[in-house]
2 protein chains.
Amino acid sequence: MTTGREFTIFGAGLAGPLMAVFLARAGHRVRLIERRADPRRAGAERGRSINLALSTRGIDALRRVGLADGVLAGAIPMPGRMIHAKDGSLSFQRYSKDGTQAINSVSRSGLNCMMLDAAEREPGVEIVFGRRCVSVDFDRRRAVLVGGAGEREEVAFQHAIGADGAFSGVRASMQLRDRFDYQQSYLSHGYKELTIPAGEGGAFRMEKHALHIWPRGSYMMIALPNPDGSFTCTLFWPFEGPYSFAALKKAEDVLWFFRVEFPDAVPLIPDLVRDFQENPTASLVTVRCSPWHVGDGAVLIGDAAHAIVPFYGQGMNASFEDCVRLSEALARHPASVERAFEEFGRLRTPDTDAIARLAQDNFIEMRDKAARASFRAGKHAQHALERWLPGLYLSLYEMVSFTTIPYAQALRRAQRQRAVVLTALIAAALLLATMLLSLL
Amino acid sequence: MTTGREFTIFGAGLAGPLMAVFLARAGHRVRLIERRADPRRAGAERGRSINLALSTRGIDALRRVGLADGVLAGAIPMPGRMIHAKDGSLSFQRYSKDGTQAINSVSRSGLNCMMLDAAEREPGVEIVFGRRCVSVDFDRRRAVLVGGAGEREEVAFQHAIGADGAFSGVRASMQLRDRFDYQQSYLSHGYKELTIPAGEGGAFRMEKHALHIWPRGSYMMIALPNPDGSFTCTLFWPFEGPYSFAALKKAEDVLWFFRVEFPDAVPLIPDLVRDFQENPTASLVTVRCSPWHVGDGAVLIGDAAHAIVPFYGQGMNASFEDCVRLSEALARHPASVERAFEEFGRLRTPDTDAIARLAQDNFIEMRDKAARASFRAGKHAQHALERWLPGLYLSLYEMVSFTTIPYAQALRRAQRQRAVVLTALIAAALLLATMLLSLL
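Everything quoted here is computed from the prediction, not taken from an experiment. Starting afresh in each chain, residues are numbered from 1 along the sequence in its written order. Working convention: letters from A go to chains and numbers from 1 go to ligands, in the order in which they are written. For this predicted model, a pLDDT threshold of at least 70 governs which residues receive local features, and a threshold of 80 or more governs which side-chain atom pairs are given and counted, while totals over whole chains, interfaces and linings are taken from all residues. Side-chain numbers here rest on the full set of heavy atoms in the structure, without hydrogens or water.

Brief notes about the overall build of chain A
Assigned secondary structure in chain A consists of 14 helices and 19 strands. Atoms counted for the radius of gyration: C-alpha only. Globule rule: 2.2 Å times the number of residues to the power 0.38. In summary, chain A has a C-alpha radius of gyration of 23 Å against a globular reference of 22 Å for 440 residues, a match within 12%. Judged by the C-alpha coordinates and their principal axes, chain A covers about 80 × 60 × 40 Å. Only protein chains enter the accessibility calculation, which uses a 1.4 Å probe. A residue is then buried if its area is under 20% of the maximum for its type, exposed if over 50%, and partly exposed in between. The 440 residues of chain A split such that 53% are buried. Contacts were defined at the residue level, with two residues in contact if any of their heavy atoms lie within 4.5 Å. A fraction of 68% describes how many contacts in chain A between residues 6 or more apart in sequence connect residues 24 or more apart. Put simply, DSSP H or I for four residues or longer makes a helix, DSSP E for two residues or longer makes a strand, and each gets a number counted from the N terminus.

Laid out in structure tokens, this is it:
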């Protein structure tokens, strides 16, 4: 039967509550178990506001359960990139041919609260906070939870969903089982967040409707706008080496580095040295694993199944899309949760493998190529092709950000398009050469 | 100072005790902590005898501490492969040009006992059995051990060495730290062991001095001789699919399959059906990780650092070679264990990555190519080249099995040799063609 099953979701970040809504709408009972305290009550201790880029895939998932408009109401559209050169000059690169398509800056903590509210509104959804899942016994269908004071308890479940992030406890228990393929790989770069506060009266001190990038070859800084007029900057920088988090620590060195590399940003970040010295340096991990499920006992979604680096702005969007795909698989196999779990993982893995690779590659595009004239010319040419061949040619960035074409399919189509364009260019060159020769 | 440090080695299998001997000889104190009971006292419950192929790298490591002759005394040299065709016909393929080089079948449990005896003979080495390392706190330099009755205790250490195998507890704790790259990947094939008992009076019922292979394309069986006249057979077979461990379980199906595929082996395995149904089906994992060390607190060696599949017969040999390399690194940096650990891992990883790849590739060579006439012709050509170009040409198999040329270097040299031979063949063909044309 389709309805009336019990699902226990570990992790009430972004994918967890959305999955709960999908399951509740399909008539299932859901228990959401979250490591942290309720962020809606924690108030001041919420920590730094980090923003995320919500794009078409995430919006599509939210729209299916009526949550898109509410989320977009608090979002800031970013229809393109603002490139900051070393001399302070700016250039704006549209993401789409006519500038009508945008990715949207949203606050992670704000979105988390909205998703929790949405899950809680559904009948049959219960949320438990302050319980961390440390291990799962899939055969006995029991999970060990640890509370804030270190107290342990065991909970039974019918079907578990691990939505507990890149360092998933559910996945850690899967890794101890036989024949579980697993890979975690870190970039040699880390990141640190810095804040550009709002101007007087909440004014934005840089272009509000843009994702700002300071591309510097082997590293970069980016900034996304927040609704209060501030920007959250993120410096992506090597951990080790001559210019690195390990090498530059003293106040004067940090200031010198920023003045040379990001001169236009320095006057906008009043707490630059303190932020730099006190904010944590975080690492960037890519996680791949297979299979994502254990029988009909458990399945992974979101970062727990496929953590990716942030350079394509697709982490949250891919996780929200997982919720759609898993819901569809459960609907296709009402009689067998195991078949649904297995099929979800088998069909979805090629897509998450593709976006994992694209996200790693896009770091090089953002930090290095984006600053080059040849890259700008290429983007102009892509937009021109889109105008000349509407519906036939679409850049990879747009397929990823502004459509729901499966990631792996988008990647294949981009490769085909590149081959066709290259062939056409060679043919045109040959034709031109032939014409010139015939004139001699 | 060089001497007088304290090392705690987790795992007293093969690499652990050998490392203990190396360290003791260098003047350090060593505590070896082993999960299982003392295998020298466990006697009958020792379980199935599994044999391993000891070759030059392993022998070289043992020789450095005077253990090679004792181990080789109980070993059976295998100077080549005996290929068993489906029609029961046999063909012998030498490993070296003149048949003088051999890999050696040794009993894992026998070798384990000899290594424990050797470690125990060294002053300053203490062995503790029946304590499993479940977690390590590298910052506090403490490890949590669990005894056979579930009792937990914490032990302090100065420098830890994780020699605790493919499912290392030391490595599991490293994986929880930031920026630890890790990968475990399983083959879709598993393996199952079967026994060909000795004939009357301990007679060998097949050629004693050979590694027997029944190559069957997508799977294979192999057999290694034991000193008591028996052979241990290992069937490498897919877990899933039409002909697989999942598909064939019933007695008549198993017998039918063996009669069709391995007809000459069936009369030699009296307990075939019982062995097949009762012996476990084991999986085949490759593990890669980086870095192998945490400051001067801990380092991984052997399978814990780089578990590989068995198809090149190099798992134990690579682990023994690790002990040599780590000892050398410690001797090069007497004042800094951290530099020694770091350098050991940095220099050794390219070699263990190379043998991991070669071991995976060799499965295809053994199960498929070894049966083909073209493969046999290629081996003959290689041996001919070795005779014509002594010291200049050496096959990859021989560099891996019969030299201590670092694995990565052996792989590069084999690639260069292949390019040179190919170029020479093309040049010869062109020359021949020119000569033929000149005759016309």
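So that's the structure; there's more coming.
Considering the relation of the copies chain B and chain A
Here chain B sits on chain A after a turn of 180 degrees about the axis and a move of 0.1 Å along it, with an RMSD of 0.1 Å. Those values place the two copies in the arrangement expected of a two-fold rotation axis. Relative to the rotation axis, the closest C-alpha in chain B is found at Gln183 of chain B, a distance of 2.0 Å. The share of interface residues of chain B whose copies in chain A are also at the interface is 100%, consistent with both copies meeting through the same surface. Copies are brought into register by a least-squares superposition over C-alpha atoms of residues with pLDDT of at least 70 in both.

Side note on a nonpolar patch on the surface
Residues qualify for a patch when their relative accessible area is over 30% and they have no salt bridge, like charges being joined within 9 Å and the nonpolar side chains of Val, Leu, Ile, Met, Phe, Trp and Tyr within 5 Å. For the accessible areas, the method is Shrake-Rupley and the probe is 1.4 Å, while residue cover comes only from the protein chains on display. The term salt bridge refers to a side-chain nitrogen of Lys or Arg lying within 4 Å of a carboxyl oxygen of Asp or Glu. A grouping of Tyr243, Trp256 and Val260 of chain A is seen on the molecular surface, where their side chains present a nonpolar patch of about 300 Å² in accessible area. If you trace the backbone, Val260 of chain A turns up in helix α7 (residues 251–261).

A look at the side chain of Lys192 of chain A
All names here are of chain A. By secondary structure assignment, the location of Lys192 is in strand β13 (residues 181–196). Under the counting rule used here, the positive set is Lys and Arg, the negative set is Asp and Glu, and His together with the chain ends is not counted. Asp275 provides the closest opposite charge to the buried, salt-bridge-free Lys192, at an N-O distance of 9.5 Å. A distance of 2.6 Å separates a polar atom in the side chain of Lys192 from the backbone oxygen of Asn279. Residues adjacent in sequence count toward polar contacts only when both atoms are side-chain atoms; beyond that, a polar contact is any pair of N or O atoms within 3.5 Å, and within protein one must be able to donate a hydrogen and the other to accept it.

Side note on the side chain of Lys379 of chain B
Note that Lys379 of chain B resides in helix α12 (residues 373–388). If near-sequence neighbours (up to four positions away) are discounted, Lys379 of chain B is found in contact with Arg81, Glu365 and Tyr397 of chain B.

Let's talk about the state of the cysteines
The term disulfide is used for any two cysteine sulfur atoms that are within 2.5 Å. Evaluation of the coordinates by the stated rule reveals zero disulfides over all chains. With no disulfide of its own, Cys289 of chain A lies 15 Å from the sulfur of Cys133 of chain A, the closest cysteine sulfur.

A closer look at the nonpolar core
In these notes, a set of buried Ala, Val, Leu, Ile, Met, Phe, Trp, Tyr and Cys residues joined through side-chain atoms within 4.5 Å is what counts as a nonpolar core. Core analysis: the biggest nonpolar cluster contains 148 residues, and Leu18 of chain A together with Leu18 of chain B have the highest contact counts within it. Ignoring anything within four residues of it in the chain, the contact list for Leu18 of chain A reads Ala61, Leu62, Val65, Leu67, Met115, Phe320 and Cys323 of chain A.

With respect to the pairing of strand β8 (residues 125–128) of chain A
On any regular strand, side chains alternate: one points to one face of the sheet, the next to the other face. All names here are of chain A. Because side chains alternate across β8, one face comprises the buried residues Val125 and Ile127, and the other comprises Glu126 and Val128, none of which is buried. Note: two strands are recorded as paired if DSSP finds a minimum of 2 bridges between them. Inspection of the sheet shows strand β2 (residues 29–33) paired to β8 by four bridges, in the parallel sense. Its bridge partner being in β8, Val30 is matched across the sheet by Val125.

Re the confidence of the model for chain A
Per residue, pLDDT measures the predictor's confidence, with a range of 0 to 100. Across chain A, pLDDT averages 93, with 98% of residues at or above 70. Across residues 44–48 of chain A, where pLDDT falls below 50, the model places six contacts with residues more than four positions away in sequence or in other chains.

Details of the domain arrangement of chain A
Residues and elements named next belong to chain A. In this document the domain limits rely on a domain assignment from an automatic tool or a database. Each assigned domain of chain A is listed with its residue range as follows: domain 1 (6–75 + 107–184 + 285–364), domain 2 (186–283) and domain 3 (381–439). Domain 1 and domain 2 are separated by 30 Å when their C-alpha centres are compared. What gets called buried area is simply the loss in accessible area from a 1.4 Å probe that two parts show on being joined, summed for both. Around 1,300 Å² of area is buried between domain 1 and domain 2 when both sides are counted, 63% of it from carbon and sulfur atoms. Taken together, domain 1 and domain 2 are joined by zero salt bridges. At the junction of domain 1 and domain 2, the tally comes to two residue pairs in polar contact (both at pLDDT 80 or more).

Quick notes on the sheet that holds strand β19 (residues 298–300) of chain B
Think of a sheet as strands paired side by side through backbone hydrogen bonds, with each pair either parallel or antiparallel. Residues and elements named next belong to chain B. Read across the open sheet, the six strands follow the order β8-β2-β1-β12-β19-β18; overall the sheet is mixed. This sheet does not close on itself; its edge strands, each paired only once, are β8 (125–128) and β18 (293–294). Against the sheet, helix α1 (residues 15–25) contacts β1 (6–10), β2 (29–33), β8 and β12 (159–162), and its axis sits at roughly 170 degrees relative to β2. A fitted line through C-alpha atoms serves as each axis, taken over the contacting stretch for helices, and the angle formed by two N-to-C directions is quoted from 0 to 180°. Those strands touched by helix α11 (residues 337–367) are β1, β12, β18 and β19, and its axis lies near 20 degrees from that of β19.

Notes on the packing of aromatic side chains
Each Phe, Tyr or Trp ring, with Trp reduced to its six-membered ring, pairs with another whose centre is within 6.5 Å; inter-plane angles below 30 degrees give stacked pairs, above 60 give edge-to-face pairs, and intermediate values give tilted ones. Under the defined criterion, the tally for this structure stands at 45 aromatic pairs over all chains. A ring pair is formed by Trp237 of chain B and Phe245 of chain B, whose centres lie 5.3 Å apart and whose planes are at 90 degrees; its orientation type is edge-to-face. We classify Trp237 of chain B as buried; its relative accessible area is 0%. Measuring from centroid to centroid gives 6.2 Å for Trp237 of chain B and Phe276 of chain B, while their planes differ by 75 degrees, and the two rings are edge-to-face. Pair noted here: Trp237 of chain B is in strand β16 (residues 231–238) and Phe276 of chain B is in helix α8 (residues 272–278), with a separation of 39 residues, a long-range link. Comparing Trp237 of chain B with Phe276 of chain B shows no difference in burial state: the two are buried. Within the aromatic cluster, the residues linked to one another by ring pairs are Tyr219, Trp237, Phe239, Phe245, Phe257, Phe258, Phe262 and Phe276 of chain A.

Brief notes about the pattern of salt bridges
Counted by the stated rule, this structure contains 60 salt bridges over all chains. A salt bridge links Arg216 of chain A to Glu261 of chain A, with the shortest nitrogen-to-oxygen separation between them at 3.9 Å. Residue Arg216 of chain A is found in the loop between β14 (211–215) and β15 (220–225), and its partner Glu261 of chain A is found in helix α7; the two are separated by 45 residues along the sequence. What makes Glu261 of chain A buried here is its relative accessible area of 9%. Across the pair Arg57 of chain B and Glu321 of chain B runs a salt bridge, and its minimum N-O distance is 3.1 Å. Taken together, the residues Arg57 of chain B in helix α3 (residues 56–64) and Glu321 of chain B in helix α10 (residues 315–332) connect sequence positions 264 residues apart. Residue class for Arg57 of chain B comes out buried when judged on its relative accessible area of 1%.

Observations concerning helix α11 (residues 337–367) of chain A
The end-to-end C-alpha separation of α11 of chain A is 43 Å, in line with the 45 Å expected for 31 residues at 1.5 Å each. A residue's bend is given by the angle between axes fitted to the 7 residues ending at it and the 7 residues starting at it. The largest bend along α11 of chain A measures about 40 degrees and falls at Arg348 of chain A, with the proline Pro350 of chain A one to four residues further on. An expected span of 1.5 Å times one less than the residue number is assigned to each helix.

Details of the packing of α3 of chain B against α10 of chain B
Residue and element names in this part refer to chain B. Two elements in contact, α3 and α10, have axes separated by 7 Å at closest approach and are oriented at 45 degrees. Comparing their axes, α10 and α3 come out oblique. Along this stretch, α3 crosses α10, giving a crossing that reads as left-handed. On the side of α3, the interface is formed by Arg57, Gly58, Ala61, Leu62 and Arg64, while α10 contributes Asn317, Phe320, Glu321, Val324 and Glu328. All amino acids are sorted into three groups, where Ala, Val, Leu, Ile, Met, Phe, Trp, Tyr, Cys and Pro are nonpolar, Asp, Glu, Lys and Arg are charged, and the leftover types, Gly among them, are polar. A class-by-class count of the residues in the contact of α3 with α10 yields four nonpolar, two polar and four charged. Here is the rule for angles: anything less than 35 degrees is roughly parallel, anything more than 145 is roughly antiparallel, 65 through 115 is roughly perpendicular, and the remaining ranges are oblique. The hand of a helix crossing depends on one turn: near helix anticlockwise from the far one by less than a right angle means left-handed, and clockwise means right-handed.

Some details on the interface of chain B and chain A
Every contact between the two is made by 15 residues of chain B and, on the other side, 15 residues of chain A. Approximately 1,400 Å² of surface area, both sides summed, lies buried where chain B meets chain A, with 33% of it carried by carbon and sulfur atoms. For chain B, the biggest contributors to the area lost against chain A are Arg179, Gln184 and Tyr186 of chain B; these three give 42% of the whole. Connecting chain B to chain A are two salt bridges. The salt bridge involving Arg179 of chain B is made with Glu240 of chain A; its shortest N-O contact spans 3.7 Å. Our count for the contact surface shared by chain B and chain A stands at 11 residue pairs in polar contact (both at pLDDT 80 or more).

Things to note about the sheet that holds strand β4 (residues 76–78) of chain A
Residue and element names in this part refer to chain A. Reading across from one edge, β3-β7-β4 is the order of the three strands in this open sheet, with antiparallel pairing throughout. Edge strands, defined here as strands with exactly one partner in the open sheet, are β3 (51–54) and β4. On average, each strand axis in the sheet is inclined to that of its neighbour by 35 degrees, with strand direction left out of account. Taken together, the three bridges between β4 and strand β7 (residues 103–107) define a ladder with antiparallel strand orientation.

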